[in-house]
Every structure is written in structure tokens, then in C-alpha cells.
Amino acid sequence: TVQYSNDFLILPGMVDVHVHFRDWELAYKETLAGGAAAALAGGVVAVGDMPNTRPHIRTAELYQRRLREGASLPIIYRLHMGVPADLAELDLAKPRTVKIYPEDIAQFGWAHVKSLLQKCAELNCVAVFHCEDPQLFRDGERPPEAERLCVEKVRALAAETGARVHLTHVTLAETVETARGWATVDVTPHHLYLDTENCRDRGLCLVNPRLRAPDARKRLLAALAAGLVDMYATDHAPHTLAEKASENPPPGICSLDVALGLLLALWKRGVLALGDVVRLYSHRPARLLGVDVDPLAGTFTIVKLEEYTVKGEEFAGTCKFTPLEGLKAFGRVVATAVRGVVYFRDGEAKPLWPTAVSQPRGTPPSTYP
Ligand code: NCD
Ligand code: ZN
Ligand code: ZN
């Protein structure tokens, strides 16, 4: 017998504006295909991949090459262009978004960043900032003041140039408030869930920007609950376990597989409304990347409304560990559909509606009118 179930929820496809799919010379950390698998497992139908690959994507030629590779993935692939030494590369590449790192600011200087913003205003691209002023970095430390100082400088540049700005992985409630009216912001699952007290592993918990103190984390969560945050994005940044356990661990956390579950857990806890989940991880990010996530166009995510525990070993991507391990997530992704192609989680490929209701009833008349 077939039974009805109320335990499923259909959502528009999730969109993650900040992932690192690596590949190329860093394919040992993650591949484009591995990243796409993690995305589908996480209910994510579209991503904005970051340009800090090796080599870094700073030319129109590399940008287009990477886009061609991404186009063969089962998800909708978008790419943030890296800062070019010669801004004419932007005229050729015409990217929708350009990603600016603290390392770019250190290497090229703020004057170059200003010219880039002018160029972006002209070409109508969005300047996406990892906003930490490298001037305040001291012997490997990156204090919250680096975020504050960068945000002030970028605010002035945005006003001068008229460029559209997005601030990614912001960590301070103060940044969320300051950004109102001139920039959009996203926050990560790890900055919402993890802090310097509940995450102590030196390698696993190392990330840029750094995890903050518990009170700062709680203020960020309160800003999210108050509806002040525009988007939710993972900053899924895979490394190998050996690298993370080494003397000199690289920063970065994997979370693409479970990000939706951790966001829905905030809905379950009453911190967010379901509409907030859809706005934060689908509608607003889709607008930044310029992608269509209309379920009527066959792009959607189905979750089963049950609680589960985050387990890295269950991740579908290349990266199978996370400091988010053990957290309670809600809403297991059972299917992700991209433009009409449905990807089912293993073992869950059963029809969502009962076939019994379509069985005919009664006997046909012996004569027809
Ligand atoms: C990112 C990476 O590994 O590429 N690391 C990180 O800690 N977030 C770089 C970045 O997003 O800043
Ligand atoms: Zn970053
Ligand atoms: Zn990143």
C-alpha cells in the first residue's frame, strides 16, 4: 500500500554565492565535479565560484576557460572574476561580479581598487569584497578591527565611484548595520554557529575571516533574526585533512552539503521564518548571480522534514570533514532539480505521490452513447 506523507517540503533551488571548487592545480583539495556533487547533496542548484584558484583568475582568457569548464556541470555555474593587473581585462571578460581579496589590496593598493570600482560602475558589475584591511594583519592574526576599517574605506569608495558592492562572509553585526543602503552582505554557517569557545581545534576551526568570540557571534545571529542580512553563503573552502592537521594549517571550512540543513534548523528553532530561508539562500543570491530558480522552470529542492546530525563522512563532495560535525541540522535534502533534471539522494528515489489514486474505479458501461 502507498501512504501519503506530509513530511516533505518543496523549495526553490538554493543558490550559494561563495564557494571554492578548486580544481586545476588544487584538484587534490576538490574538483569541479566534486563541488557540484556537494552542491546537489546540499540542495544547491547554482553557485558563484571564487577566482582564487591556482592560477588565480585575473584574465579574460582564464575567466572564459573556467566558465566553459563549469558549463558542463549538472548545476548552474557562475564565476566571480579576480582583480586584473590591467583593468582592460574587465572590458573583455564583462564579468557580472569581481572578487577583491585582502591580498589584492596588499598587492595592488587601494588606488587600484578605486579604479576597479570606477570600471565596475561603468560596466555595471558588482564588486564583491572579502573585506578585511590587510594593514591591520599582524603575525598571522586578523582582528575584527580589520573588517571595520575595510568596511569604512569601501563605503567611501562606493560613494565616490557609484559602484555596486557586496560584502561577503561578514562577521560583525556592526558591519551588517553599516552596510544598509549602500552594500549587500552575506553571512556563513560557521560564523553563525561556531565561535572561539565552541570550536577549539587549531586546524579545523581556522578560517578567514576568523571565528569570533561567542558574544560577537550571537550578535551576528541576532542581526540575521532581525532580517538585516541579505544572503547566506557557505564560503565552502576545501583542504585536505593532512593540511588541516599540519603545523601550518590553511584557512577554510567545508559546509556546502549541510548549509541548507543548518539554515532550516534556525527555522525549526523559531529564529527565522521559512520565507527568510528562501530569501537568504535562494531569491537574493539568485539576483546577485543573475540566475533563474523558479520551480516552474524545473529548478527546485525537496527536503524531508526530519532532524539529522552533521557527519562529514556522509558528504558527497571531495571534502569529507568539517568543524560543524555533530551539529543538529533539519530538513534532509532528498532531491535537487536543475532545469527539469531531478537528482535524487541514493535510496530515496521513490515517487512522492501515491500511484493508488490513479487506479480506475467501477466498471465501464456496456454500451457507449
Ligand atoms: C578561503 C580559501 O581557502 O580559498 N579560505 C577561507 O578561510 N575562507 C579564502 C577566502 O575565502 O578568504
Ligand atoms: Zn574570503
Ligand atoms: Zn572564500
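Residues numbered from 1 in each chain as written. Chains lettered and ligands numbered in written order. Predicted model: local features only at pLDDT ≥ 70, side-chain atom pairs only at ≥ 80, totals over all residues. Heavy atoms only, no water.

Engineer: What exactly am I supposed to notice about the coordination of the zinc ion (ligand 2) here?
Structural biologist: Ideal donor angles around a metal are set by the shape: a four-donor tetrahedron calls for 109.5 degrees, a six-donor octahedron for 90 or 180 degrees. Taken together, H130 (ND1) and H169 (NE2) make up the full set of protein donors to the zinc ion (ligand 2), lying 2.1 Å away. Each of the 4 donor atoms around the zinc ion (ligand 2) contributes to a set of angles spanning 54 to 145°, which defines the coordination as irregular. The two metals, the zinc ion (ligand 2) and the zinc ion (ligand 3), are separated by 3.8 Å. With H130 in the loop between β7 (126–129) and α6 (144–161) and H169 in the loop between β8 (164–167) and α7 (173–178), this pair connects stretches of sequence that are 39 residues apart. (Donors = N, O, S within 2.8 Å, 3.2 Å for Na, K, Ca; no water. Tetrahedral: all angles 85-135°; square planar, octahedral: opposite > 155°, others 65-115°. Helix = DSSP H or I, 4+ residues; strand = E, 2+ residues; numbered from the N terminus.)

Engineer: For this particular structure, what's the right way to read the site of ligand 1?
Structural biologist: Around ligand 1, 14 residues are found, and the nearest of them are R22, N52, H130, N208 and D235. The separation between an oxygen atom of ligand 1 and a polar main-chain atom of N208 is 2.8 Å. One of the backbone nitrogen or oxygen atoms of P251 is found 3.2 Å away from an oxygen atom of ligand 1. Across the complex, the protein chains shield 92% of the 320 Å² of accessible surface that ligand 1 would expose by itself. With respect to the pocket detection grid, ligand 1 is positioned in the largest pocket. Class assignment for the residues of the shell around ligand 1 results in 4 nonpolar, 8 polar and 2 charged. (Near = heavy atom within 4 Å. Polar contact = N/O pair within 3.5 Å; in protein donor to acceptor, adjacent residues only side chain to side chain. Areas by Shrake-Rupley, 256 points an atom, 1.4 Å probe, with all protein chains shown as cover. 1 Å grid on protein atoms, 1.4 Å probe; cavity = no way out; pocket = protein on both sides within 12 Å on 5 of 7 lines; lining within 4 Å. Sits in = over half its atoms within 2 Å of the grid points. Nonpolar A, V, L, I, M, F, W, Y, C, P; charged D, E, K, R; others polar.)

Engineer: What's the story with the sheet that holds strand β5 (residues 81–82) in this structure? I'm lost.
Structural biologist: Picture the strands of a sheet paired through backbone hydrogen bonds; they go either parallel or antiparallel. Pairing is parallel in the open sheet, where 6 strands are placed in the order β5-β6-β7-β8-β9-β10. With one partner strand each, in any of the chains shown, β5 and β10 (231–232) form the two edges of the open sheet. Summarising the sheet, strand β6 (residues 97–100) and β7 pair through 4 bridges and their orientation is parallel. Paired with I100 across the strands is F129, a residue of β7. (Pairing = 2+ DSSP bridges.)

Engineer: Looking at this structure, I do not really get the packing of aromatic side chains. What am I missing?
Structural biologist: All told, the structure shown has 2 aromatic pairs when counted by the stated rule. An angle of 85° between the planes, with centres 5.0 Å apart, marks the rings of Y232 and Y281 as edge-to-face. Of this pair, Y232 sits in strand β10 while Y281 sits in helix α12 (residues 274–289), placing them 49 residues apart in sequence. Each member of the pair Y232 and Y281 is classed as buried. Taking the ring centre of W24 as reference, the NZ or CZ of R65 above it sits at 4.6 Å. Just above the ring of W24 sits the side chain of R66; from NZ or CZ to the centre is 4.9 Å. (Phe/Tyr/Trp six-rings, centres within 6.5 Å; stacked < 30°, edge-to-face > 60°. Buried < 20%, exposed > 50% of the residue type's maximum accessible area, 1.4 Å probe, protein only. Lys NZ or Arg CZ within 6 Å of the ring centre and 35° of its normal.)

Engineer: When you look at the nonpolar core in this model, what are you seeing that I'm missing?
Structural biologist: For soluble globular proteins, the rule of thumb is that nonpolar side chains tend to be buried together. By size, the foremost hydrophobic cluster in this structure holds 104 residues, and its most contacted members are I100, L117, F129, L167, L224, L260 and Y281. Contacts of Y281, omitting those with residues within four sequence positions, involve G13, M14, V15, D16, V44, Y232, T234, L256, A259, L260 and L263. Ranked by size, the runner-up nonpolar core spans 5 residues in total, among them F300, I302, V334 and A337. (Core = buried A, V, L, I, M, F, W, Y, C linked by side-chain atoms within 4.5 Å. Contact = heavy atoms within 4.5 Å.)

Engineer: Explanation requested: the state of the cysteines in the structure shown.
Structural biologist: Scanning the entire structure with this criterion turns up 4 disulfides. Put simply, C131 and C150 are joined by a disulfide, and their sulfur atoms are 2.0 Å apart. Judged by the sign of its S-S torsion, about -95°, the cystine formed by C131 and C150 is left-handed. Placement of C131 in the loop between β7 and α6 and of C150 in helix α6 is noted, with a sequence separation of 19 residues between them. C131 gets classed as buried once you look at its relative accessible area, which sits at 7%. With a sulfur-sulfur separation of 2.1 Å, C254 is cross-linked through a disulfide to C319. The S-S bond linking C254 to C319 shows a torsion near 105°; that makes this disulfide right-handed. Of this pair, C254 sits in the loop between α10 (241–244) and α11 (259–268) while C319 sits in the loop between β11 (300–309) and β12 (328–338), and the two are 65 residues apart along the sequence. Taken in N- to C-terminal order, the disulfide-linked cysteines of the protein chain are connected 1-2, 3-4, 5-6, 7-8. (Disulfide = S-S within 2.5 Å.)

Engineer: Hey, could you run me through the packing of helix α5 (residues 110–123) against α6 in this one?
Structural biologist: Helix-helix packing is characterised by the crossing angle of the two axes and by the distance between the axes. Viewed as axis vectors pointing N to C, α5 and α6 meet at an angle of 45°, and their least axial separation amounts to 9 Å. The pairing of α5 with α6 is recorded here as oblique in orientation. When the axes of α5 and α6 are compared, the crossing they make is right-handed. Listed contacts from α6 to W110, V113, K114, L117, Q118 and A121 of α5 are C150, K153, V154, L157, A158, E160 and T161. Partitioning the contact of α5 with α6 into residue classes produces 8 nonpolar, 2 polar and 3 charged. (Axes fitted to C-alpha atoms, helices over the stretch in contact; angles between N-to-C directions. Parallel < 35°, antiparallel > 145°, perpendicular 65-115°, else oblique. Left-handed = near helix turned anticlockwise from the far one by under 90°.)

Engineer: Would you mind showing me how to read the side chain of R217 here?
Structural biologist: Here R217 lies in helix α9 (residues 214–225). Using a relative accessible area of 13% as the deciding quantity, one classes R217 as buried. One polar contact links the side chain of R217 to the main-chain carbonyl oxygen of L192, over a distance of 3.0 Å. Other than its neighbours up to four places away in sequence, R217 contacts H191, L192, Y193, L194, D195 and N198.

Engineer: Quick question: what am I supposed to make of the coordination of the zinc ion (ligand 3) here?
Structural biologist: At the metal site, the zinc ion (ligand 3) is ligated by H18 (NE2), H20 (NE2) and D235 (OD), and these contacts range over 2.0 Å. Summarised as a motif, the one-chain spacing of the donors to the zinc ion (ligand 3) is H-x1-H-x214-D.

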